[in-house]
Amino acid sequence: MKPSLRTTAIASVLLVAFLAGVVVTLNLVDRERGHATLKEVLYISSPKVVKRLSLGYTGLMADIYWTRAVQYFGAQHHAGAEEYKLLPALLDITTDLDPKLLVAYRFGANFLSPRPPNGAGQPEQALALIQKGILANPREWTLYYDLGFIYYFEFHDYAKAAQAFQQSSTLPNAHPFVQVVAATMAQHAGESQMARMLWTTTFETTKDRQIKQNAIAHLRALMVDEVVPELEKRVQAYRQRTGHLPGSFEELVRAGLLRGIPLDPTGRPYRLMPDGTVEVRKADELPFITKGIPENYTPPELPNFKNINPDAPVGTSAQPIS
Amino acid sequence: MNSRIRLIAANTFREAVRDRVLYNLIAFALLMSGAAVIFGQISIDIERLVVVNLGLTAISLFGVVIAIFIGIGLVSKEIEKRTLYTMLSRPVRRWEFIVGKFFGLAGTLVVNTVLMALGVFAALLYVSRHLQASDSAILVALYFIVLEFLVVTALALLFSSFSSPLMSSVFAFSLFVIGSFAEDLRGFAAAAKGATHWIATAAAYLVPNLSALNVIGPVAHGETVAGNLILYNTAYALLYSALATCGAVLIFERRNLK
């Protein structure tokens with residue numbers, strides 16, 4: 001029996017029309033439901049119940065919940081949200097389903113601890129998550145490292161941070177740099193030196209592009225925060241010597257107070273202001289800086305990592321001026 | 001609907017009943033009455049929740065299993081018994097055969113769902129002593145379940161039009177599972193970049209979006225379902241079923257039955 005050309009033609013046209021209709025209506029359904037999916041996910045907020053319901057396929061279920069946590073964080077972060085209410089529950093379920101899912105502890109803590117808009121601003125939850133991870137994975141050096149990181153940056157508890165780094169350095173496969181971090185910490189090194197070491201270790205031990213960019217941005221900010229006061233000090237030294245402020249950095253070079261025109265980590269020269277203060281030219285490209293911020297500058301809602309190449313960490317070296 | 005499609009649909013319904021498909025109602029009745037009695041004794045204040053959750057979930061799962069296992073045999077069984085040749089030698093077009101089969105099985109599932117729904121409401125009445133206004137949302141959940149059956153039936157029919165019953169059931173069941181996570185899939189697609197983004201987006205639109213049809217959780221908690229969602233879900237399920245049935249017609253039209 002030969003196929004009917006008429007039927008084939010009509011069915012083909014209908015097929016395309018229905019497909020277009022499906023795409024349109026699906027978008028309408030999505031718009032109507034909004035974030036209903038995640039709220040529904042957490043109708044069952046008990047990790048134990050989810051574990052039972054997964055019928056033993058906990059690994060796959062954990063992967064799905066972890067992806068949901070990432071999606072949730074991404075959506076909130078993108079919207080510049082101040083609250084991340086569902087994040088702890090999603091991470092709790094994920095790590096209960098698969099206690100060996102290190103990525104969920106490490107990135108999860110990274111999502112939870114920084115203050116909004118960079119994170120959820122819940123360092124206690126981040127700490128609890130990492131501690132839960134350590135209980136389930138006591139031989140994992142990265143978790144102790146993250147524990148120390150949180151104690152240092154979020155709680156400023158240097159004793160506990162030092163203890164965590166020390167423990168991390170003794171575990172198998174620990175990055176050699178962690179031992180240096182632990183030792184430096186024990187010597188009560190300066191805050192910026194310590195912070196630089198931590199961000200350098202983070203940069204060297206992660207494979208994730210965004211975390212690398214974040215580490216570079218922090219290292220650059222540390223550099224600017226160190227250089228700007230130093231430059232301002234030299235400007236004041238020039239003033240004391242000549243009785244007036246320099247009009248440009250060239251005058252400082254001529255006076256032997258600088259070897260060359262100082263450049264910020266993005267490669268742009270710093271700007272010398274008429275009142276003797278020093279500013280960066282494009283603060284948008286230097287998130288996290290606390291010094292050298294131009295007057296009346298409003299930072300964007302989200303840090304800009306666009307111009308940071310994680311494969312070429314330019315502008316993070318420790319000795320920027322001489 | 002023309003008379004030939006109606007006849008094929010009626011025959012499909014009759015055959016399903018003769019195949020003792022409705023026997024699942026006995027299992028369902030036992031499950032519901034057992035749950036209503038047992039949870040009343042061993043738990044605190046969740047009898048109503050259990051009846052709604054368990055009842056609607058059972059209706060959905062029983063129906064999907066019936067849709068898949070009957071749906072995959074709709075074409076192959078007719079070929080195996082050689083009744084298809086008798087039918088097609090009469091003035092019955094191939095597309096009418098496919099469409100008739102779809103309506104026959106959909107009708108069976110609707111009848112099955114209505115009977116089970118009566119069971120759920122009876123159990124609800126037993127545990128709560130009375131029905132409340134918010135229970136009407138259960139009807140919406142039941143309606144969405146029927147829409148889900150239409151989609152699954154159309155998919156089972158699509159696979160049965162070109163594949164063996166075993167493979168068809170595997171394909172249909174896999175799509176049902178993937179469809180239940182369709183929103184996650186679209187989430188992954190949105191987050192992906194480059195070629196992966198386009199491939200994942202295409203896949204996300206091609207698989208059935210069954211997660212939006214599942215409102216059992218909110219309904220069990222007495223939440224109402226937005227009118228727009230009912231409208232869009234209806235349009236979506238009908239269009240998707242039509243899409244899959246069209247695919248089945250196209251394949252079956254060109255299939256060599258010698």
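Residues numbered from 1 in each chain as written. Chains lettered and ligands numbered in written order. Predicted model: local features only at pLDDT ≥ 70, side-chain atom pairs only at ≥ 80, totals over all residues. Heavy atoms only, no water.

**Student:** Give a detailed account of the overall build of chain A, specifying residues and quantitative values.
**Tutor:** Each helix and strand in chain A was counted, giving 13 helices and 2 strands. Burial status across chain A gives 45% buried among its 322 residues. Restricting to contacts in chain A with at least 6 residues of sequence separation, those with at least 24 account for 55%. For chain A, the computed accessible surface area is about 16,800 Å², with 55% contributed by carbon and sulfur atoms. (Helix = DSSP H or I, 4+ residues; strand = E, 2+ residues; numbered from the N terminus. Buried < 20%, exposed > 50% of the residue type's maximum accessible area, 1.4 Å probe, protein only. Contact = heavy atoms within 4.5 Å. Areas by Shrake-Rupley, 256 points an atom, 1.4 Å probe, with all protein chains shown as cover.)

**Student:** Talk me through the interface of chain B and chain A; I want residue IDs and the actual numbers.
**Tutor:** With 39 residues of chain B at the interface, the matching set in chain A holds 29 residues. Across the interface of chain B and chain A, roughly 3,100 Å² is buried in total on both sides, 69% from carbon and sulfur atoms. Summed over the shared surface of chain B and chain A, the result is 0 salt bridges. For the interface between chain B and chain A, the tally reads 1 residue pair in polar contact (both at pLDDT 80 or more). Mapped onto the side of chain B that touches chain A, the elements with two or more residues apiece are helix 6 (94-128), helix 9 (182-191), helix 10 (194-206), helix 11 (216-220) and helix 12 (227-254) of chain B. (Buried area = accessible area lost by both parts, 1.4 Å probe. Salt bridge = Lys/Arg side-chain N within 4 Å of Asp/Glu carboxyl O. Polar contact = N/O pair within 3.5 Å; in protein donor to acceptor, adjacent residues only side chain to side chain.)

**Student:** Break down the packing of aromatic side chains for me, citing the residues and quoting the values.
**Tutor:** All names here are of chain A. Scanning all chains against the criterion turns up 19 aromatic pairs over all chains. Chaining the aromatic ring pairs together yields one cluster made of Trp141, Tyr145, Phe149, Tyr152, Phe153, Tyr158, Phe165 and Trp199. Looking at Lys212, its charged tip hangs above the ring of Phe203, at a distance of 4.3 Å from the centre. (Phe/Tyr/Trp six-rings, centres within 6.5 Å; stacked < 30°, edge-to-face > 60°. Lys NZ or Arg CZ within 6 Å of the ring centre and 35° of its normal.)

**Student:** Just give me the short version of the environment of A:Ile211, but keep the residues and values in it.
**Tutor:** Residues and elements named next belong to chain A. Considering the arrangement of structural elements, one finds Ile211 in helix 12 (residues 209-242). Classification of Ile211 by relative accessible area gives buried; the value is 14%. Between the alpha carbons of Ile211 and Pro310 there is a distance of 8.8 Å; along the sequence they are 99 residues apart. Aside from chain neighbours lying at most four places away, what touches Ile211 is Phe107, Asn110, Thr202 and Thr206.

**Student:** Go over the nonpolar core, please, and point to the residues and values.
**Tutor:** By size, the foremost hydrophobic cluster in this structure holds 85 residues, and its most contacted members are B:Leu56, B:Ile59 and B:Val219. Tallying contributions element by element places helix 7 (residues 136-160) of chain B first for this core, with 18 residues. Apart from residues no more than four positions distant in its own chain, B:Val219 is found in contact with B:Val52, B:Leu56, B:Ala137, B:Ile138, B:Ala141 and B:Val225. Residues A:Leu112, A:Phe165, A:Val178 and A:Leu219 belong to the second largest nonpolar core, which totals 58 residues. (Core = buried A, V, L, I, M, F, W, Y, C linked by side-chain atoms within 4.5 Å.)

**Student:** Kindly report on the pattern of salt bridges, identifying the contributing residues and their values.
**Tutor:** Pairing between side chains of opposite charge can happen when the charged atoms of each approach one another. Scanning the model with the defined rule gives 12 salt bridges over all chains in all. The partner of A:Lys132 in a salt bridge is A:Asp96, and the shortest N-O contact between them spans 2.6 Å. You can see A:Lys132 sitting in helix 7 (residues 123-136) and its partner A:Asp96 sitting in helix 5 (residues 87-97), a full 36 residues away along the chain. Owing to a relative accessible area of 23%, A:Lys132 belongs among the partly exposed residues under this scheme. Owing to a relative accessible area of 24%, A:Asp96 belongs among the partly exposed residues under this scheme. B:Lys77 serves as the salt-bridge partner of B:Glu15, at 3.8 Å between the closest nitrogen and oxygen. Linking B:Glu15 in helix 1 (residues 3-18) with B:Lys77 in helix 4 (residues 73-80), this pair joins segments that are 62 residues apart in sequence.

**Student:** Tell me about unusual backbone geometry, residues and numbers included.
**Tutor:** Residues and elements named next belong to chain A. In this model, Asn173 sits at a positive phi of 65°, which is unusual for a non-glycine residue. Locating Asn173 in the fold gives a position in the loop between helix 9 (158-170) and helix 10 (176-186). Here Phe288, not a glycine, exhibits a phi torsion of approximately 75°, which is positive. Within the secondary structure, Phe288 is located in the segment after strand 2 (278-279).

**Student:** Could you give me a rundown of the side chain of A:Asn214, with the residues and numbers involved?
**Tutor:** Within the secondary structure, A:Asn214 sits in helix 12. Here A:Asn214 is in contact with A:Trp199, A:Phe288 and A:Phe305, once residues within four sequence places are set aside.

**Student:** Account for the environment of A:Tyr105, with residues named and values stated.
**Tutor:** All names here are of chain A. Tracing the sequence through the fold places Tyr105 in helix 6 (residues 102-112). Relative accessible area serves as the criterion here: at 0%, Tyr105 is assigned to the buried category. For the pair Tyr105 and Asp92, spaced 13 residues apart in the sequence, the C-alpha separation amounts to 9.3 Å. Residues contacting Tyr105, with those up to four places away along its chain left out, are Thr95, Pro99, Leu129, Ile130, Lys132, Gly133, Ala136, Asn137 and Leu143. Separated by 2.7 Å, the side chain of Tyr105 and the backbone oxygen of Pro99 make a polar contact.

**Student:** Give a description of the confidence of the model for chain B that names residues and reports values.
**Tutor:** Across chain B, pLDDT averages 84, with 95% of residues at or above 70. In the predicted assembly, ipTM is 0.72 and pTM is 0.61. (pLDDT = per-residue confidence, 0-100.)

**Student:** For helix 1 (residues 5-33) of chain A, give the residues involved together with the corresponding values.
**Tutor:** In this model helix 1 of chain A runs 41 Å from its N-terminal to its C-terminal C-alpha over 29 residues, within 8% of the 42 Å that 1.5 Å per residue would give. Considered for burial, the residues of helix 1 of chain A that qualify are A:Thr7, A:Thr8, A:Ala11, A:Phe18, A:Gly21, A:Val22, A:Thr25, A:Leu26, A:Val29 and A:Arg33. (Expected span 1.5 Å × (residues − 1).)

**Student:** Break down helix 6 of chain B for me, citing the residues and quoting the values.
**Tutor:** For helix 6 of chain B, which comprises 35 residues, the first-to-last C-alpha distance of 50 Å matches the rise-based estimate of 51 Å (1.5 Å per residue) to within 8%. Backbone geometry just downstream of helix 6 of chain B places B:Arg129 in the positive-phi region, at approximately 70°.

**Student:** Break down the packing of helix 3 (residues 47-71) of chain B against helix 7 of chain B for me, citing the residues and quoting the values.
**Tutor:** For any two helices packed against each other, the geometry comes down to the angle between their axes and how far apart the axes lie. Residues and elements named next belong to chain B. The interhelical angle for the contact between helix 3 and helix 7, taken along N-to-C directions, is 20°, at an axis separation of 8 Å. Taken together, the axes of helix 3 and helix 7 lie roughly parallel to each other. Between helix 3 and helix 7 the crossing geometry is right-handed. On helix 7, the residues touching Val52, Leu56, Ile59, Ser60, Gly63, Val64, Ala67, Ile68 and Gly71 of helix 3 are Ile138, Ala141, Leu142, Ile145, Glu148, Phe149, Val152, Thr153, Ala156, Leu157 and Ser160. Grouping the constituent residues of the contact of helix 3 with helix 7 by class yields 14 nonpolar, 5 polar and 1 charged. (Axes fitted to C-alpha atoms, helices over the stretch in contact; angles between N-to-C directions. Parallel < 35°, antiparallel > 145°, perpendicular 65-115°, else oblique. Left-handed = near helix turned anticlockwise from the far one by under 90°. Nonpolar A, V, L, I, M, F, W, Y, C, P; charged D, E, K, R; others polar.)

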